[in-house]
There are 4 protein chains.
Amino acid sequence: MILAADKGKVSGADIEAAKRIALKYGLGTNVDTGTTKVVVGIKGDFILQQAEDEFRGIGNFEVTRLTKGSYKLASRQFHPSATEIELPTGHKTGGGTLTFMAGQCSLDDWAYVKESAIMAKEAGADVLRMMPLKPRTSPYSFQGLGWKGFEMIARAKQETGLPVITEILMPEDDTISPQELVKRFEEFGVDIYQVGARNAQNFGLLHALSKTKKPVLLKNGTGQNAEEMLHGAEYILSGAWGPGNSHNGDGNPNVMLCARGSSGETTASRFPLDIAWVPYLRQRTHLPIIGDPHHSTGDWRNVTDVALGLIGAGVDGLELEIHPEPRKALSDQKQSIGPKQLEEIITVGTQIFAARKGLALEDSSAPYYR
Amino acid sequence: MILAADKGKVSGADIEAAKRIALKYGLGTNVDTGTTKVVVGIKGDFILQQAEDEFRGIGNFEVTRLTKGSYKLASRQFHPSATEIELPTGHKTGGGTLTFMAGQCSLDDWAYVKESAIMAKEAGADVLRMMPLKPRTSPYSFQGLGWKGFEMIARAKQETGLPVITEILMPEDDTISPQELVKRFEEFGVDIYQVGARNAQNFGLLHALSKTKKPVLLKNGTGQNAEEMLHGAEYILSGAWGPGNSHNGDGNPNVMLCARGSSGETTASRFPLDIAWVPYLRQRTHLPIIGDPHHSTGDWRNVTDVALGLIGAGVDGLELEIHPEPRKALSDQKQSIGPKQLEEIITVGTQIFAARKGLALEDSSAPYYR
Amino acid sequence: MILAADKGKVSGADIEAAKRIALKYGLGTNVDTGTTKVVVGIKGDFILQQAEDEFRGIGNFEVTRLTKGSYKLASRQFHPSATEIELPTGHKTGGGTLTFMAGQCSLDDWAYVKESAIMAKEAGADVLRMMPLKPRTSPYSFQGLGWKGFEMIARAKQETGLPVITEILMPEDDTISPQELVKRFEEFGVDIYQVGARNAQNFGLLHALSKTKKPVLLKNGTGQNAEEMLHGAEYILSGAWGPGNSHNGDGNPNVMLCARGSSGETTASRFPLDIAWVPYLRQRTHLPIIGDPHHSTGDWRNVTDVALGLIGAGVDGLELEIHPEPRKALSDQKQSIGPKQLEEIITVGTQIFAARKGLALEDSSAPYYR
Amino acid sequence: MILAADKGKVSGADIEAAKRIALKYGLGTNVDTGTTKVVVGIKGDFILQQAEDEFRGIGNFEVTRLTKGSYKLASRQFHPSATEIELPTGHKTGGGTLTFMAGQCSLDDWAYVKESAIMAKEAGADVLRMMPLKPRTSPYSFQGLGWKGFEMIARAKQETGLPVITEILMPEDDTISPQELVKRFEEFGVDIYQVGARNAQNFGLLHALSKTKKPVLLKNGTGQNAEEMLHGAEYILSGAWGPGNSHNGDGNPNVMLCARGSSGETTASRFPLDIAWVPYLRQRTHLPIIGDPHHSTGDWRNVTDVALGLIGAGVDGLELEIHPEPRKALSDQKQSIGPKQLEEIITVGTQIFAARKGLALEDSSAPYYR
């Protein structure tokens, strides 16, 4: 349910009244004060008619019951303003600046990892990508360093001061529950959990991530469309799950989406990345959108153009696979980029992002994405 | 590595010699005696040159080292004969008779569940499909009955004497490890574990399933191609996993594949099911192939034709969603079939399967699928 | 517009009355007498209110105005009974028997062509596939024999007595209009025009084919879905075309559809052929449906299974690429089949088709495809 | 065949010698003088050994025979420098400046058409898009104004001084040959021929276009991948065609490619437009690449972002569907943009294009796309 009104038409007291009513009925609230409108989102699946009547009694709010089902917390309708996610360094993803996450596809020698970390830091990256575990199609492929690789996380953070993003996966054994896994990652100093394409609908994991407040970067599954991805985000945002669908609306609000391309092989890409995903997602959700320019094409020669194309289309950031000597990487050698390409993408990408500031759709009152 | 020879060219003693050498080097073996050839597959990732030399010393075997990586235990090259999986009733899936698995999309009232079970039994089904948990795109959709639904499993088995297949999912909380989950299902009397499309690359779960010997039905992920599905099966077959890739080749050999259609929406199907998957898989793997005629089209009016098309193309069985009164089903009403359609599919499908017995490719020495 | 009534409720006089009114307003009619219903389809885009009133005045017909646009003549709603297309030999495609069209991918030496023709005839084929011209992706690939290849058509017909299907293409120069091209093919004795995937929306050609009464086999374009294919058929059926959309409803009623797979490469197929196309098309159209089991997979080893899968799913016939010595074919060597596979497909396919006769959906009053 | 050498290593006399030899053997040449290399491409399919020997005799050229088949004239290997196509106004497409083509989806009233033309001109467009004919999926949809619409072309050119691009289609009858059609368009003052998705492999038409020197904009078919599109361009570039494949290499060199998205419907797009097509094409071909930001998504709200994404990824220009009052357009109302969006795309797009000038890959000696 949303209560919406033009800005001058409601007072702070009206908003407080809405919160009180919500509290009385065990419902959560999300207050969104835009440049022209105020929207109070009411969280909770079952809103009594009596509660609705009381909401309707407040000042000039227009009250709309959202259709049950699908997704709600992830939608722009419920939460019109763009979500900003603050990282430990104070950098805000989704907050009007680009976010660059960079690091090796998988960890190898500390010497390389350190070099990559410094390379990322110096090129201007905001987040360090560190993957001690790698999900692989074949059980016989290199699957990462395992728990011992996690020790490099603290060292790299000390070296650079940058927050770290790591893909959440179960290493070495199958005796850990999703909840314990989330904790274990936290203990190793991981700042952002990445959910890879293969786990995009691993609901046990998504639910475990709804209980932390640390940011989660959710990649789309290769068989998912943009709508299904938004539903996946709703699992984390809502904390709803299981036969009872019971939840108090207190999931994890810090979700970022990452577009990485979908199945449908062509000569140009293994996982075509449709440009229209960017505006499509932005019109429907307030969550930050990160682009992955590597996994769709799998070819380093295409990465600069795809990266700049994503920024041109309006993403809030990029996740980049780098290596000081790409040809020596233990995995994804074909798609990792070296120092020069990284620098170019950050420099030219920042200029493109700046050019987009002139667009009317950057103004939150623009009609075409609300 | 495989040791292969024409049938008359090697003796039982040669085969015993191969087994002894394998044992000495800590390797497993798989002996496959076909109508014209004998193939001894050697399990184990790292085979010393010294071992290879000893194998080459035996009689008339031709020794081939398979390319490292990808999949091996799932391949026809390593295991030429079709795998037969014996169910508790003695019925053999993959063993030259069709296997029909039938039951409700999700469980609802015991009255309906019982009626469905009897309907399946009477129509001639071999396995009962019972799903107390349902994975759903939206967290707010009906997600099944939860643990309490599992109690119906024993009752339905008693009622029909049929083995039960159930999709493995984590219900209600995220504090159970994959290994415990597998055990819990076993305690409730589940005979065949189904891995749904969303978990097709949930490697923690696949690994946990490599430790049981109960049959596993692995569905393809909607973003997977047929090759990726075979790699998923290899995780279960091999028990290999994690950074160490350590395994003794003693995974779970009882894997069935289920083709359910891939992403790439068209007007006809949400998940097009390419007919060529059936021969493609059969040429590359010895594992039984089950077809799912419901989830690709999502429309009950298409189910009979898709089901019979799959049998025409050579599947070993079908998984069918039935309901005594399809319009009252709690989920998948649009794709569930009623008693008459079930009976028709089993009757006509059995005739089509019989007609295919006349094909030369049913002869194991046919050149075109080995 | 359709006039429909239960069978006992209208007389022959009522039908005659409907025809007279149609004639008066310059409209065409299509009378369809099923086992339970009589449907009179009224052809013509603009039906005056006055005409409608007169139709409503006849006996017990229920009069329904179809939504303008899309397709109409191709639909089951307008034309409930299955269309049967009679070939010069008296064989009826769509008339409850399977139709097998077989021949070389492209013509080469007369010796081979003759051998293929006899091979097709002896195996029981109903139509000879003869392609003097081949559309090729690269301008430098072998493009067929050209006009001189057409001379073999008469010889092969004399040899076998079978009607010939040929893909309509513009050979050697670009100075022939579509209308002349259609005539030229007729002069060479072509009995069925094939429209290939690349010309599925070449509207000039489709229009030229609306002016003949000879059968047309329309293949789907690789980027088309099943709905778009039906719209393509409507161009031929209606003769409507161009800025004026002027037509008298007197197009060519003898259209067969051929499902050949769509783009969306996977490991199993270059052009996945979704099984559900068969029931999807059959529920929406009365036109015969032919399956092409070669071009989706491009691999002869898959052809038997895909062919039998198509028959299992309910097609009215198959188009097969054969060669006495497939390895010596000038094009499509990888997907052509030899004598033994041809014979198997026809023998087992005919048995599968017979098994399907037991289905309720074969009864025209079955609720689920009307 | 290509003759290549570092720039200082060959003289003008060497190049003249190569041309003389080519002439003697009936072969064409294409001389490409880059910043670091000189490449002389030798046109002609069959190059005698004797000719090759003579070429090898000239100075320091390295002589490479290209693999027969596929495409050659369209490739970067044969023609390393980017092709610039000069329009009647002197504007060069592919020549380091962006090209904007803009106009209505289809023509309607002259008042609107005139207004659109002036709107395009004032916003800075280089080419006017004028479509008197529209190819439509249904024969009953509005198909354009027909021949009478062509009269507006001269008027709009007079009004704006801009060259005109028009899709080549056969209007109203099927009695015109492709060659006559090309001439008729020329007589009406069309400056650039557009080949739409449906005609991407209409080889008769492509061949007729190989005989003019006027620029052709070739769109990809919705079922084509990027490689197949390049093969289509080769038909126009080479003039090769038909059973004889005879050609003197003197086709039409003025081909532009237009990426418009491929089939594979998702929620975001009807025809997903994979960003990677842009770098993929640019690495393989020297032809200018135009992006179409409308037909993939079909939603005007996405057009700005897709357009800027395409420029970010490196296209040489855009084709835009505009209308003074988009809601009143006769076709494609949902995807046409109005004056403000047009202006924004041109302004911000030009800034993004300028930012890309800083990239190393803009330097023709960059290693990664040659």
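Cut-offs and rules
- Residues numbered from 1 in each chain as written.
- Chains lettered and ligands numbered in written order.
- Predicted model: local features only at pLDDT ≥ 70, side-chain atom pairs only at ≥ 80, totals over all residues.
- Heavy atoms only, no water.
- Contact = heavy atoms within 4.5 Å.
- Buried area = accessible area lost by both parts, 1.4 Å probe.
- Salt bridge = Lys/Arg side-chain N within 4 Å of Asp/Glu carboxyl O.
- Polar contact = N/O pair within 3.5 Å; in protein donor to acceptor, adjacent residues only side chain to side chain.
- Helix = DSSP H or I, 4+ residues; strand = E, 2+ residues; numbered from the N terminus.
- Nonpolar A, V, L, I, M, F, W, Y, C, P; charged D, E, K, R; others polar.
- Expected span 1.5 Å × (residues − 1).
- Buried < 20%, exposed > 50% of the residue type's maximum accessible area, 1.4 Å probe, protein only.
- pLDDT = per-residue confidence, 0-100.
- Least-squares fit on C-alpha atoms with pLDDT ≥ 70 in both.
- Pairing = 2+ DSSP bridges.
- Phe/Tyr/Trp six-rings, centres within 6.5 Å; stacked < 30°, edge-to-face > 60°.
- Lys NZ or Arg CZ within 6 Å of the ring centre and 35° of its normal.
- Axes fitted to C-alpha atoms, helices over the stretch in contact; angles between N-to-C directions.
- Parallel < 35°, antiparallel > 145°, perpendicular 65-115°, else oblique.
- Left-handed = near helix turned anticlockwise from the far one by under 90°.

1. A word on the interface of chain A and chain B
- Listed by partner, the interface residues are 54 residues for chain A and 54 residues for chain B.
- A buried area of about 4,200 Å², summed over both sides, lies between chain A and chain B, and 52% of it is on carbon and sulfur atoms.
- The shortest N-O distance in the salt bridge between E228 of chain A and R270 of chain B comes to 2.6 Å.
- Counting the contacts that link chain A with chain B gives 19 residue pairs in polar contact (both at pLDDT 80 or more).
- Elements with a minimum of two residues in the side of chain A that touches chain B: helix 5 (178-187), helix 6 (203-209) and helix 7 (226-238) of chain A.
- Among the elements that line the side of chain A that touches chain B, the one with the most residues is helix 7 of chain A, at five residues.
- Broken down by class, the residue content of the side of chain A that touches chain B amounts to 17 nonpolar, 25 polar and twelve charged.

2. What about helix 10 (residues 339-356) of chain A?
- Helix length check: helix 10 of chain A (18 residues) gives 26 Å between terminal C-alpha atoms against 26 Å at 1.5 Å per residue, within 8%.
- Regarding helix 10 of chain A, the residues found buried are Q341, L342, E344, I345, I346, V348, G349, I352, F353, A355 and R356 of chain A.

3. Re the confidence of the model for chain A
Residues and elements named next belong to chain A.
- On average, chain A scores 89 in pLDDT, and the residues at 70 or more come to 92%.
- Across residues 362-370 the pLDDT falls below 50, and counting only partners more than four positions away or on other chains, this stretch makes 25 contacts in the model.
- This prediction of the complex comes with two scores: 0.91 for pTM and 0.90 for ipTM.

4. Observations concerning the relation of the copies chain A and chain B
- In the superposition of chain A on chain B (RMSD 0.1 Å, axial shift 0.0 Å), the rotation amounts to 180°. Such a turn and shift between the copies fits a two-fold axis.
- A symmetric contact is evident, with 100% of the interface residues of chain A recurring at the interface of chain B.

5. Details of the interface of chain D and chain C
- Between chain D and chain C, the contact holds 54 residues from the first and 54 residues from the second.
- Across the chain D/chain C interface, buried area totals approximately 4,200 Å², and carbon plus sulfur atoms make up 52% of it.
- The tally of links between chain D and chain C comes to four salt bridges.
- For the pair chain D and chain C, the number of links is 19 residue pairs in polar contact (both at pLDDT 80 or more).
- Looking at the side of chain D that touches chain C, the elements with two or more residues in it are helix 5 (178-187), helix 6 (203-209) and helix 7 (226-238) of chain D.
- Broken down by element, the residue count for the side of chain D that touches chain C peaks at five residues, all from helix 7 of chain D.
- In terms of residue class, the side of chain D that touches chain C is made up of 17 nonpolar, 25 polar and twelve charged.

6. Considering the pairing of strand 12 (residues 255-259) of chain D
Residues and elements named next belong to chain D.
- In terms of burial, strand 12 is largely enclosed, as five of its five residues are buried.
- Judged by which residues are buried, strand 12 turns out to be covered on both faces: V255, L257 and A259 on one side and M256 and C258 on the other are all buried.
- Bridge count for strand 11 (residues 216-219) against strand 12 is four bridges, and the pairing is parallel. The residue of strand 12 that forms the bridge with L217 is M256.
- Sheet topology note: the strand 12/strand 13 (residues 289-291) ladder contains three bridges and is parallel. Its bridge partner lying in strand 13, L257 is registered against I289.

7. Section: the packing of aromatic side chains
- One pass over the full model with this rule turns up 28 aromatic pairs over all chains.
- Summarising the aromatic geometry, the rings of W147 of chain A and F185 of chain A are spaced 6.5 Å apart at their centres and angled 75° between planes, so their arrangement reads as edge-to-face. With W147 of chain A in helix 4 (residues 147-160) and F185 of chain A in helix 5, this residue pair connects regions lying 38 residues apart in the sequence.
- You can call F185 of chain A buried: its relative accessible area is 0%.
- Each residue in the set W147, F150, F185, F188 and Y193 of chain A is aromatic and connected to the rest through ring pairs, giving one cluster.
- In this structure, R184 of chain D packs its charged tip against the face of W147 of chain D, placed 4.7 Å from the ring centre.
- The lysine or arginine in question, R284 of chain D, covers the ring of Y280 of chain D, its NZ or CZ lying 3.7 Å from the ring centre.

8. Re the sheet that holds strand 11 of chain D
Residue and element names in this part refer to chain D.
- Taken together, eight strands build a closed barrel; the order of strands is 7-8-9-10-11-12-13-14 and the barrel is parallel. On average, each strand axis in the sheet is tilted by 25° relative to the strand beside it, whichever way the strands run.
- Of the strand pairs in this sheet, strand 7 (residues 99-103) and strand 14 (residues 317-321) are connected by five bridges, and their pairing is parallel. Looking across to strand 14, one finds that M101 is bridged to E319.
- Set on the sheet, helix 10 (residues 339-356) makes contact with strand 7 and strand 14; between it and strand 7 the angle comes to about 175°.

9. Some words on the sheet that holds strand 9 (residues 164-167) of chain C
Residues and elements named next belong to chain C.
- Pairing is parallel around the closed barrel formed by eight strands, whose spatial order is 7-8-9-10-11-12-13-14. Between one strand axis and the next, the sheet turns by 25° as a mean value, whatever way the strands run.
- Looking at chain direction, strand 13 (residues 289-291) and strand 14 (residues 317-321) are connected through two bridges and run parallel. Residue pairing across strands places G291 opposite L318, the latter belonging to strand 14.

10. Side note on the relation of the copies chain D and chain C
- Taken as rigid bodies, chain D and chain C are interconverted by a rotation of 180° and an axial shift of 0.0 Å, the fit giving an RMSD of 0.1 Å.
- Taken as a fraction of all interface residues of chain D, those also at the interface in chain C reach 100%, which identifies the copy contact as same-surface.

11. Quick word on the pairing of strand 1 (residues 2-6) of chain C
Residues and elements named next belong to chain C.
- Taking burial as the measure, the five residues of strand 1 include four buried ones, the bulk of the element.
- Relative to strand 4 (residues 62-64), strand 1 runs antiparallel, the two sharing three bridges. Across the sheet, I2 pairs through a bridge with T64, a residue of strand 4.
- Two strands pair when backbone bridges link them, and strand 1 and strand 3 (residues 37-43) are joined in this way by five bridges, in the antiparallel orientation. Residue pairing for strand 3: D6 is matched across the bridge by K37.

12. Details of the packing of helix 3 (residues 110-123) of chain D against helix 10 of chain D
Residues and elements named next belong to chain D.
- One way to put it is that helix 3 packs onto helix 10 with a least axis distance of 10 Å and a crossing angle of 25°. Between helix 3 and helix 10, the angle is such that the two are roughly parallel. Taken as a pair, helix 3 and helix 10 cross one another with a handedness that is right-handed. Each of M119, A120 and A123 in helix 3 lies in contact with helix 10, whose residues at this interface are P339, L342 and I346.
- Its residues assigned to classes, the contact of helix 3 with helix 10 shows six nonpolar, no polar and no charged.

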